[in-house]
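Spelled out, the chains give:
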Amino acid sequence: MLLGSIEAGGTKFICAVGDEDYRVIKRTQFPTSDPKKTLDKACKFFLQFKDLKALSIASFGPIQIQKNNPKYGFITNTPKLKWQNTDFVGPFSKKLKIPIYFTTDVNASAYGEYVASQLYNEKINSLVYYTVGTGVGGGAVIHGKILQGIGHPEMGHTFLKRHPDDKDFPGICPYHHDCLEGLVSGPTFDKRLGIPGPKVPKDHPVWDIIAYYLAQAVIQQTMIIRPDNVVFGGGVINRNLLLKIQKEFSKLLNSYIKVPDLEKYITMPRIKDNGSATLGNFALAYRVQTE
Ligand code: ZN
């Protein structure tokens, strides 16, 4: 049996086909251009596989996930104007005629990390996954289920206490200015310092500011969800920053409640090379074809 995965990001699409053991058999990637061209290309890739039993699509958002909504399967009011109001699931169900699961990129990554934790026999039941890159997003899995209510979570747009040395920076979120994404996403480095993120030296004080905000994000998850593990992926995250987040978190928590050992609690992804979403998609595709 073959399972399909689409990870749709703002800059690139990654399509993969895997087997029941979630091993990648074939993979391709191409830039995200206009919707019709990009979706046609993805569809063509999957049409090569006669045994494809199900597909899971993990998309940038916001997306409509409520099945009884007429816009189910659509990308809704994204800042990527060409993609606003795009039917994503429709073309695939028409052409491939297989069950399709539709979720956000971070939900699929969270699910992939959860599935990996079970494969590695870690004793965990719940997990939060953040990506910190061009934007910030987060997803959670609790007792094997993806957390969502009337829509998917928007964990990148929570509000924070400002760092005392960062009070002059207005933030870059077009909706809230200084929400989490507005304060820590990749483009904030250039906006704050005039230096692009990858060129900022390891010992620059801005890392303490970023860590302070991301530690608050962990505090919020800890207090609301009490997860076993908070995972940070995405281009902004590095080992050095992770250690700073753990330290800041410990200070902010102030021993109020017991959490797992910090090196197991606040981690980088188990699955290397940004593979969390693909694995998550395979597992979700497997699930949707049995339902
Ligand atoms: Zn925001």
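Residues numbered from 1 in each chain as written. Predicted model: local features only at pLDDT ≥ 70, side-chain atom pairs only at ≥ 80, totals over all residues. Heavy atoms only, no water.

**Student:** Quick one: what's the story with the domain arrangement of the protein chain, residue by residue and with numbers?
**Tutor:** Domain annotation for the protein chain reports domain 1 (2-104) and domain 2 (121-267). The C-alpha centroid of domain 2 is placed 27 Å from the C-alpha centroid of domain 1. Residue-level contacts link 8 residues of domain 1 with 7 residues of domain 2. Across the interface of domain 1 and domain 2, roughly 590 Å² is buried in total on both sides, 54% from carbon and sulfur atoms. (Domains from an automatic or database assignment. Contact = heavy atoms within 4.5 Å. Buried area = accessible area lost by both parts, 1.4 Å probe.)

**Student:** I'd like a rundown of the coordination of the zinc ion, residues and numbers included.
**Tutor:** As a benchmark, a tetrahedral metal site with four donors has ideal angles of 109.5 degrees, while an octahedral site with six donors has ideal angles of 90 or 180 degrees. Protein coordination at the zinc ion comes from His157 (ND1), Cys173 (SG), His176 (ND1) and Cys179 (SG), with a distance range of 2.1 to 2.4 Å. Considering all 4 donor atoms around the zinc ion, the spread of angles at the metal, 105 to 119°, places the coordination shape in the tetrahedral class. In the primary structure, the donors to the zinc ion are separated according to the pattern H-x15-C-x2-H-x2-C. Taking relative accessible area as the criterion, His176 reaches 30% and is therefore assigned partly exposed. Overall, the relative accessible area of 0% leaves Cys179 in the buried class. (Donors = N, O, S within 2.8 Å, 3.2 Å for Na, K, Ca; no water. Tetrahedral: all angles 85-135°; square planar, octahedral: opposite > 155°, others 65-115°. Buried < 20%, exposed > 50% of the residue type's maximum accessible area, 1.4 Å probe, protein only.)

**Student:** Can you tell me about the nonpolar core, naming the residues and giving the values?
**Tutor:** Within the largest apolar cluster, 38 residues are counted, with the highest numbers of intra-cluster contacts made by Leu214 and Phe232. Looking at this core, the elements that each hand over two or more residues are β8 (126-132), β9 (136-142), α4 (180-184), α6 (206-224), β11 (229-233) and α7 (239-253). Ranked by residue count, the leading element in this core is α6, at 12 residues. Sequence-distant contacts of Leu214, defined by excluding residues within four places in its chain, comprise Val132, Leu180, Val184, Phe232, Ile237, Leu241 and Ile245. Ranked by size, the runner-up nonpolar core spans 28 residues in total, among them Leu52, Ile63, Leu96 and Ile100. (Core = buried A, V, L, I, M, F, W, Y, C linked by side-chain atoms within 4.5 Å. Helix = DSSP H or I, 4+ residues; strand = E, 2+ residues; numbered from the N terminus.)

**Student:** Lay out the sheet that holds strand β12 (residues 266-267) with the relevant residues and their values.
**Tutor:** The 5 strands lie next to each other as β10-β9-β8-β11-β12, forming an open sheet whose pairing is mixed. This sheet does not close on itself; its edge strands, each paired only once, are β10 (145-146) and β12. Where β8 and β11 come together, 5 bridges link them in parallel fashion. For Val128, the partnering residue across the bridge sits in β11 and is Val230. Strands β8, β9, β10 and β11 of the sheet are contacted by helix α3 (residues 105-119), whose axis makes an angle of about 45° with β9. (Pairing = 2+ DSSP bridges. Axes fitted to C-alpha atoms, helices over the stretch in contact; angles between N-to-C directions.)

**Student:** So, α7: which residues are in play, and what are the values?
**Tutor:** In this model α7 runs 21 Å from its N-terminal to its C-terminal C-alpha over 15 residues, within 8% of the 21 Å that 1.5 Å per residue would give. Three or more residues of α7 are buried, namely Leu241, Leu242, Ile245, Gln246, Glu248, Phe249 and Leu253. Those residues of α7 that are buried lie in contact with α6, β11, α8 (262-265) and β12. Near the N-terminus of α7, the side chain that reaches the backbone nitrogen of Asn240, with its oxygen 3.2 Å away, is that of Asn238. (Expected span 1.5 Å × (residues − 1). Polar contact = N/O pair within 3.5 Å; in protein donor to acceptor, adjacent residues only side chain to side chain.)

**Student:** For the packing of helix α1 (residues 35-47) against helix α2 (residues 89-96), give the residues involved together with the corresponding values.
**Tutor:** Contact geometry for α1 and α2: axes closest at 10 Å, N-to-C directions at 30°. One way to sum up the angle between α1 and α2 is to call them roughly parallel. Judged by the twist between their axes, the crossing of α1 over α2 is right-handed. For the pair α1 and α2, the contacting residues are Leu39, Asp40, Ala42, Cys43, Phe46 and Leu47 in the first and Pro91, Phe92, Lys95 and Leu96 in the second. Grouping the constituent residues of the contact of α1 with α2 by class yields 8 nonpolar, no polar and 2 charged. (Parallel < 35°, antiparallel > 145°, perpendicular 65-115°, else oblique. Left-handed = near helix turned anticlockwise from the far one by under 90°. Nonpolar A, V, L, I, M, F, W, Y, C, P; charged D, E, K, R; others polar.)

**Student:** Now, about the sheet that holds strand β2 (residues 12-18): what can you tell me, with residues and values included?
**Tutor:** Strand pairs in the sheet, formed through backbone hydrogen bonds, run parallel or antiparallel to each other. The strand order across the open sheet built from 5 strands is β3-β2-β1-β4-β7, with neighbouring strands paired in mixed fashion. Strands at the two margins of the open sheet, each flanked by one partner only, are β3 (24-31) and β7 (100-104). Between one strand and the next, the sheet's axes are offset by a mean angle of 15°, whatever the strand orientation. Bridge count between strand β1 (residues 2-8) and strand β4 (residues 52-59): 7 bridges; the pairing is parallel. Across the sheet, the residue bridging to Glu7 is Ala58, located in β4. Against the sheet, α1 contacts β1, β2, β3 and β4, and its axis sits at roughly 15° relative to β2. Sitting on the sheet, α2 is in contact with β1, β4 and β7, with an inclination near 170° to β4.

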